[in-house]
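Examining the three-dimensional arrangement
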Amino acid sequence: HQGSEQEYGKQWYQRRVRAASPDSLEMMGDKLYVQILSDIEQGDYNVVPDKLDKALEENPKKFLNQIRCLRGIFAWVMTDYVTAISNFDAVIGDPKSYMRLKVQAHIHRGEVYQAKGDKNRALADYNHAVQIDEDHPDAYLHRAQFYLSLEGLDQAIKDLNKSIELDGEFPAPWTQLVYGQYQMARTMTPSLLNEVFRNLGKMAEKFPNVADVFALYGQVLQDQRQFSAAEEKFEEAQRLAPDNVTYKAHVATLKMMAENNFDSAMVLLREAHEKDPKCDFVLENLGMIYIQKQMYAEALECFKKALELVKTEAEAAHLSALRIGIQCQWEVCEEYNVKPVSMADLQDFSQMMPSPQG
């Protein structure tokens, strides 16, 4: 999602670009590289890939591997997996790369493999990152996210606790930890639910200015059908990160669940889509409303656009199933003049609401 990527870019700059650079920005001698870092810090991402390509063409003596790592990240964001992997390979294979930069390259290459559905290579990269630097909090965080994607909750929670032990001031492992605990409460240990809500409250106090904390809080409350409280949390997330349209989309899904109010949800989603036409989460949910209103052409167009934007094979499979299901339904209804199936029937193709995300 565009909003999420923007927030990710800021966090990446703060935690990784500066950490990966051996000198402070003021001491750097490469003007183009300094300008690229400035563009990232200011959120001007559209100009960065071309500048990175230009920097690589110049074959700089300084910061070559930092530039490669950045180029790989931007290629990954744009789902250009071949370019991403080749740049991360170059960083990892260069004996001049220092330790923490190699760790970042392994982490990001692992993310690419995970997006491609190559679980073995993804886990191998996360394990390499931990082996290279056992005190790197991001290595444990990303390995934990991998385990969470496979519902390996025990191992994920272990890694998240380690990440927090190494850096307790970064909100991402906290949100992922509470998300993992909530999944465990839902599926295995209902008695954990009280602890989940205690931890959500602690997180909100510890990170009062982090939108994702309140978004997760809202998703848990929504899943527990505490709709009024959930809406308050989503609105707080919107206030903290007004450019992230996914929070408005969450409010829209809440309107559908709590009030069966598809008209209000459509207004919110159209506003979100107008603000960020490249948010696949918004497009998917807008498509679901069009299905409810039996506007199949519009729904199919939303799913088609969303498919062009998703970054993982799992997301692509999810949307493809939806699109194929709707296409078949539409064709059958038109040919035989029969009533469309209900929204509940579409659950055979895909779940309407995504799981809570950290």
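Please read all numbers here as calculations on a predicted model, not as lab measurements.

Cut-offs and rules
Residues numbered from 1 in each chain as written. Predicted model: local features only at pLDDT ≥ 70, side-chain atom pairs only at ≥ 80, totals over all residues. Heavy atoms only, no water. Helix = DSSP H or I, 4+ residues; strand = E, 2+ residues; numbered from the N terminus. Buried < 20%, exposed > 50% of the residue type's maximum accessible area, 1.4 Å probe, protein only. Contact = heavy atoms within 4.5 Å. Polar contact = N/O pair within 3.5 Å; in protein donor to acceptor, adjacent residues only side chain to side chain. Salt bridge = Lys/Arg side-chain N within 4 Å of Asp/Glu carboxyl O. Phe/Tyr/Trp six-rings, centres within 6.5 Å; stacked < 30°, edge-to-face > 60°. Lys NZ or Arg CZ within 6 Å of the ring centre and 35° of its normal. pLDDT = per-residue confidence, 0-100.

1. Some thoughts on the overall build of the chain
Along the backbone of the chain there are 18 helices and 0 strands. Relative to its 358 residues, the chain shows a buried fraction of 50%.

2. As for the environment of Arg143
Considering the arrangement of structural elements, one finds Arg143 in helix H8 (residues 137-149). The class of Arg143 is buried, set by a relative accessible area of 12%. Here the alpha-carbon distance between Arg143 and Leu160, two residues 17 residues apart in the chain, equals 8.7 Å. Apart from the residues within four sequence positions on either side, Arg143 is in contact with Leu123, Tyr126, Asn127, Val130, Gln155 and Asp159. Of the polar contacts made by the side chain of Arg143, one reaches the side chain of Asp159; its length is 2.7 Å.

3. So, the pattern of salt bridges
Summed over all chains, the structure comprises 17 salt bridges. A salt bridge links Asp89 to Arg109; the shortest N-O distance between them is 2.6 Å. Here Asp89, found in helix H5 (residues 81-93), pairs with Arg109, found in helix H6 (residues 99-116); they are 20 residues apart in sequence, far enough to count as distant. Overall, Arg109 belongs to the buried group, its relative accessible area being 15%. Across the pair Asp263 and Lys293 runs a salt bridge, and its minimum N-O distance is 2.6 Å. Taken together, the residues Asp263 in helix H15 (residues 262-275) and Lys293 in the loop between helix H16 (280-292) and helix H17 (296-307) connect sequence positions 30 residues apart. For Lys293, a relative accessible area of 33% corresponds to the partly exposed category. Shared partners join several salt bridges into a network, and the residues in it are Asp89, Arg109 and Asp125.

4. Remarks on the packing of aromatic side chains
Counted by the stated rule, this structure contains 5 aromatic pairs. Clustering of aromatic rings is evident, with ring pairs tying together Tyr126, Phe146 and Tyr147. The ring of Tyr217 has Lys233 sitting right over it, with the charged end atom 4.4 Å from the ring centre.

5. Looking at the confidence of the model for the chain
On average, residues of the chain score 85 in pLDDT, and 86% of them reach the 70 mark or higher. Considering each helix and strand of the chain separately, the mean pLDDT is smallest for helix H1 (residues 2-20), with a value of 48, and largest for helix H7 (residues 119-132), with 97. Long-range and interchain partners of residues 19-29, a stretch whose pLDDT sits below 50, account for 21 contacts in this model, where long-range means more than four residues apart. Across residues 346-358 the pLDDT falls below 50, and counting only partners more than four positions away or on other chains, this stretch makes 33 contacts in the model.

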